[in-house]
Amino acid sequence: MWRTSVFESSGSRTDLKQQIFVSLFCVCLFQEENIEYYNSKDGEDIDSQMSLKLEFVYDPNFKNHVNYSHTAVQIPTDIYKGAPVILNELNWTQALERVFIENSRDDPSLLWQAFGSATGVTRYYPAAPWRAPDKIDLYDVRRRPWYIQGASSPKDMVILVDVSGSVSGLTLKLIKASVMEMLDTLSDDDYVNVARFNEKAEAVVPCFKHLVQANVRNKKIFKEAVQQMQAKGTTDYKSGFHFAFNQLLNTNVPRANCNKIIMLFTDGGEDRAQDIFEQYNWPNKTVRVFTFSVGQHNYDVTPLQWIACANKGYYFEIRSICAIRINTQEYLDVLGRPMVLAGRSAKQVQWTNVYQDALGLGLVVTGTMPVFNLTVDGNSQNQLILGVMGVDVHLDELKRLTPQYKLGANGYIFAIDPNGYVLMHPNLQPRVRLRFFIRSIRNHSTITLICIRRQMIDGRSGEMTIKTLIKSMDERYIDEVTRMYSWTAINDTDYSLGLVLPPYSEYYIQADLSDVMLQLQFSAAELILCVLCRCMVILSLSLSMYREYCKRLQMAENNTQFLADFLSLMVEISPESEDCDQGLIHNLILDSGILWNLATRVWQNKDLNTYGFLALFASTNGGVTRVYPNIAAESWDEDPEPLNSNFYRRTLDNKGYIFRNGTVGILVTTAVEVVIGGKTMKPAGVFLQIVSADLVLNVVVMFQDLLCYLIDDGGFLVMSNQRDHWKKVGLFFGEVDPYLMFALYNNSIYARHQTFQYQSACEPMASSHTGAAHRGFYVPSIADFLTVNILGLHYAHLCLLEDVWAESSDTKGSSSCVTVHSQFYFTNTTNSFNVLQDCGNCSRLFHAKRIENTNLLFVVAETLPCTQEENPCEVLNSARYRKGPDKCFDYNSEVKLCLLL
């Protein structure tokens, strides 16, 4: 466990009222030049004499250059680092350096260890240079998610904004800025509403009738509404407090159910609204009231001071923009006092929601523990939180506990926090946003999702089998599959973990080849020569995440060298060595042996040209891909890790042969099923053939009087007998023949499934309509198909406000948006269709038939297009009869002529 005894013996902060005396005392003890520390923002202060100069080495675990002998200090830009309070903080937190180093020595897997002080100072280990953003660095640890969640219990907050006529001008601008800063002190665990008041009070966001969760989306909506406020009317505090207490006392809506707070921003007033407090808050005073006097004025602030003190709150003054940040976060110290008085019962590890690490580590969760001032001031104990201790855990650490290869190609784990937000999920995109669990696996029944989500948030265990639609990795296809969901709570945390498996991954084959491993040691040279000859074997190179065969096995420049290094290592280690994953090694050797027999006994005896094949290959769950012949292996450009291959994962979820367009020719894949003891598995891998398209195209091109198409289950063109369509192979069929695609869709041959991508970051300008874009469309009319090619590759952007990370630096220049994606798939009504297509000014007959045991649709249609453009020359040569005018008035002798001068 983390060492925190240093805090109990070294506490030196006193009550806020005595800080000035402590500061004067500290000036005598700690002169600036007598304190040495590493300032992580040293580049910004070249003249600093007390900042240590350190050397750093790159550590891939931290994704940063670090120094293991020292801690680093980060001080917010708006805080003077030479202030006596800061110097005192730097001095006593120096003892943390030894604690952090010992923690890291005891547990080398620890990542960032940090202490965030209530004064704003951050000390973290190991030392690393600060990653300042391009703009002004406004980082303040007291506004980070891990500090906010660790420093106080959840909050229900109502922010009251005085918009009477007296606050117009600069005061109103200060109030708006203050409210927005106040919103930034809230986390996902908190609930909030903002109301404006003069003679009457009303929510600034009309549809927010009650407290709402203080997530990034809602806070962004609040900020936009606050900016639109205008000052008019007279001040009536009672109307505002009536609104606030009714919001806080409404128990019929979701809320934090802990601290209840009212924040009043005003320029001043005479009314104390005592009767309101007597009605709602006295004598128990369960609601704290904090008052803020904003702006330069000479109003009597005594009523505001009385309101705060009479309701267990504090009074603050904001005279200028420089005072906003410090005054809008001081209330957290007050809310932390009950935690200090609770003692050790409140000193429990709390786990945060997932967020983006400020030092570039990526997605992390942080275990936090509050640090209390345990000194005694006279006869009473101090009630201040010194700060928050935090230890980061990277999400990759959680993923390593359940490697992908143990779950199979289409199995995965996910986790959610108490708010229902996703911590881990294959669809979670770290650089964009977090979404609710109910949207992250949004293809399922909504009722089913709500049931699973509630049980996971409540920490219960359960399991359920669901039929659902799953998108392919490239988002071009969608398959109806069966998935088994299991979930349970994670011990000593508020998180819940879920496991998703397809039926064929419920059981797996585990090889035991200990005898083979011994044999490998005695005949290494012969085996190396045997394995490397005739066929090329491609092993997964994704060692860091998926296939860490052995700790001593390093990445090689090419597959041949990697395989040689692997076999050499097998000679050196014993079968019981802990340096390697024995189960993974055994399965790897088993798969290699099976594929070796396949290649030598079957493939080499086949003449590929006879069948029109370019190459044969096989991939396995063990991480082996074998390609034949060698010349095809050298140009193989598919992902060598089967679990990352789109074709591999789709094949497992489908029966029969799956056709898709490759970089060369057409790929045909099928899965191998193994039934053992009545249990169906797909453990050995997938055998695939690459078919040459030229042979088939040369045959079908002879039938020029008809349009012949092969279209796959996603609506993409696989083959055509029209030469001008050959360059369009692989495109969505709506771009090739939009009328015919609409007929296929309109006659229920294809069904469309529309999904919303809630994790999109869209550029400010219009999206490109190139072939590399995703498909998204709506089908309102024929005109849309023709004018904007809406069945083609087209984005549909919904500019909605979603839960994006406020401090993510990877989406600069982009705005949060939701993209609409559409995928097509076959309906199961019938396998054959004869349809007369009515195009308005003409009609044509087409026949469509599903090819059995494949994902292909064969379409034959008349070549007559539905829109024929007239040839002007032909129209001129065959002019239609018409009748001229009965009378023509083109000449009269009396018409006056012009005179020549």
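Conventions adopted
Residues numbered from 1 in each chain as written. Predicted model: local features only at pLDDT ≥ 70, side-chain atom pairs only at ≥ 80, totals over all residues. Heavy atoms only, no water. Helix = DSSP H or I, 4+ residues; strand = E, 2+ residues; numbered from the N terminus. Contact = heavy atoms within 4.5 Å. Areas by Shrake-Rupley, 256 points an atom, 1.4 Å probe, with all protein chains shown as cover. Pairing = 2+ DSSP bridges. Axes fitted to C-alpha atoms, helices over the stretch in contact; angles between N-to-C directions. Salt bridge = Lys/Arg side-chain N within 4 Å of Asp/Glu carboxyl O. Buried < 20%, exposed > 50% of the residue type's maximum accessible area, 1.4 Å probe, protein only. Patch = residues over 30% accessible without salt bridge, like charges linked within 9 Å, V, L, I, M, F, W, Y side chains within 5 Å. Core = buried A, V, L, I, M, F, W, Y, C linked by side-chain atoms within 4.5 Å. Phe/Tyr/Trp six-rings, centres within 6.5 Å; stacked < 30°, edge-to-face > 60°. Polar contact = N/O pair within 3.5 Å; in protein donor to acceptor, adjacent residues only side chain to side chain. pLDDT = per-residue confidence, 0-100. Parallel < 35°, antiparallel > 145°, perpendicular 65-115°, else oblique. Nonpolar A, V, L, I, M, F, W, Y, C, P; charged D, E, K, R; others polar.

Draft legend 1. Highlighting the overall build of the protein chain. Broken down by element type, the protein chain carries 29 helices and 40 strands. In the protein chain, 67% of the contacts between residues at least 6 apart in sequence involve partners at least 24 apart. For the protein chain, the exposed surface amounts to about 43,300 Å²; the carbon and sulfur share of it is 53%.

Draft legend 2. Structural context of the sheet that holds strand S20 (residues 412–416). Strand order in this open sheet of five strands is S21-S20-S24-S23-S22, and the pairing throughout is antiparallel. Of all the strands in the sheet, just strand S21 (422–424) and strand S22 (462–471) have a single pairing partner and so form its edges. Mean inter-strand twist for the sheet, computed between neighbouring axes without regard to direction, equals 30°. Here S22 pairs with strand S23 (residues 478–489) via ten bridges, running antiparallel. Bridging from a neighbouring strand, Gly462 pairs with Trp487 of S23.

Draft legend 3. Spatial organisation of the sheet that holds strand S38 (residues 832–838). Strands sit in the order S34-S33-S40-S39-S38 across an open sheet of five strands; the sheet is antiparallel. Here the strands that pair on one side only, and so sit at the sheet edges, are strand S34 (717–720) and S38. Geometrically, the sheet is characterised by an average inter-axis angle of 20° between neighbouring strands, direction not taken into account.

Draft legend 4. Spatial organisation of the pattern of salt bridges. Inspection of every chain in the model, using the stated rule, returns 17 salt bridges. With a shortest N-O distance of 3.3 Å, Asp275 and Lys238 are connected by a salt bridge. Of this pair, Asp275 sits in helix H9 (residues 274–280) while Lys238 sits in helix H8 (residues 237–248), and the two are 37 residues apart along the sequence. A relative accessible area of 38% means that Asp275 is categorised as partly exposed.

Draft legend 5. A look at a nonpolar patch on the surface. Nonpolar side chains collect at one region of the surface, where Ile509, Leu590, Ile594 and Ile676 lie side by side and expose about 290 Å² of accessible area between them. The residue Ile594 is located in helix H21 (residues 582–601) in this model.

Draft legend 6. Seen up close, the nonpolar core. Counting 40 residues, the largest nonpolar core has Tyr549, Cys550, Phe566, Met570 and Ile585 as the members making the most contacts within it. Listing elements by their share of this core, those giving two or more residues are helix H20 (559–572), H21, strand S26 (613–619), strand S27 (624–628), helix H23 (630–634), helix H24 (646–652) and strand S29 (666–671). Per-element accounting of this core gives the leading share, seven residues, to H21. Judged by nonpolar contacts, the second largest core, of 37 residues, contains Leu172, Met182, Ala214 and Tyr331.

Draft legend 7. Focus on the pairing of strand S11 (residues 259–266). Of all eight residues in S11, eight are buried, a share of seventy percent or more. Side chains Asn259, Ile261, Met263 and Phe265 of S11 all project onto a buried face; the interleaved residues Lys260, Ile262, Leu264 and Thr266 project onto the opposite face, where all are buried too. Bridging between strand S7 (residues 155–162) and S11 involves seven bridges; their strand directions are parallel. What sits directly across from Asp156, in S11, is Lys260.

Draft legend 8. The arrangement of the packing of aromatic side chains in detail. The full count for this structure, using the stated rule, is 30 aromatic pairs. Ring geometry for Tyr709 against Phe733: centres 4.8 Å apart, planes inclined by 70°, an arrangement best described as edge-to-face. Placement of Tyr709 in strand S33 (residues 706–712) and of Phe733 in helix H26 (residues 733–736) is noted, with a sequence separation of 24 residues between them. A relative accessible area of 1% places Tyr709 in the buried class. When the centroid spacing of 5.8 Å and the interplanar angle of 85° are considered together, the rings of Tyr745 and Phe824 count as edge-to-face.

Draft legend 9. Here's a closer look at the environment of Lys41. Here Lys41 is to be found in the loop between strand S1 (38–39) and strand S2 (57–59). Separated by 87 residues in the primary sequence, Lys41 and Ala128 place their C-alpha atoms 9.6 Å from one another. With near-sequence residues (within four places) excluded, Lys41 lies in contact with Gln74, Ile75, Pro76, Thr77, Trp130 and Asp137. Side-chain polar atoms of Lys41 contact the backbone oxygen of Ile75, separated by 2.9 Å.

Draft legend 10. Just unusual backbone geometry, in detail. Residues Tyr125 and Pro126 are joined by a peptide bond in cis, for which omega reads -5°. Inspection of the secondary structure puts Pro126 in the loop between strand S6 (122–125) and helix H5 (145–151). In the Ramachandran plot, Ala273 falls in the positive-phi region, its phi being about 50° despite a non-glycine side chain. With respect to the element layout, Ala273 can be found in the loop between S11 and H9. In this structure, Lys285 takes a positive phi of about 55° despite not being glycine. Position of Lys285 among the secondary structure elements: in the loop between H9 and strand S12 (287–294).

Draft legend 11. Representation of the confidence of the model for the protein chain within the structure. Mean pLDDT over the protein chain works out to 78, with 74% of the residues at or above the 70 mark. Model confidence for the protein chain, summarised as mean pLDDT per element, is weakest for helix H28 (residues 782–787) at 33 and strongest for strand S8 (residues 191–197) at 97. In the model, residues 1–30 has pLDDT below 50 throughout and makes 66 contacts with residues more than four positions away in sequence or in other chains. Scored below 50 in pLDDT, residues 438–443 shows 26 contacts in the model against residues more than four places distant or in partner chains.

Draft legend 12. Inspection of the side chain of Ser187 at higher detail. In this fold, Ser187 is placed in the loop between helix H6 (170–183) and S8. Apart from the residues within four sequence positions on either side, Ser187 is in contact with Ile148, Gln149 and Ala214.

Draft legend 13. Seen up close, the packing of H6 against helix H7 (residues 216–227). Relative orientation of the contacting elements H6 and H7 amounts to 175°, with a least axis distance of 10 Å. One finds that H6 runs roughly antiparallel with respect to H7. The residues of H7 that touch H6, namely those facing Lys176, Val179, Met180 and Leu183, are Lys219, Phe222, Lys223, Val226 and Gln227. By residue class, the composition of the contact of H6 with H7 is five nonpolar, one polar and three charged.

Draft legend 14. Representation of helix H27 (residues 738–746) within the structure. Across the nine residues of H27, seven count as buried, placing the element largely inside the fold. The set of residues buried in H27 consists of Pro738, Tyr739, Leu740, Met741, Phe742, Ala743 and Leu744. Note on H27: the residue one or two positions beyond its end, Ser748, has a positive phi of about 65°.

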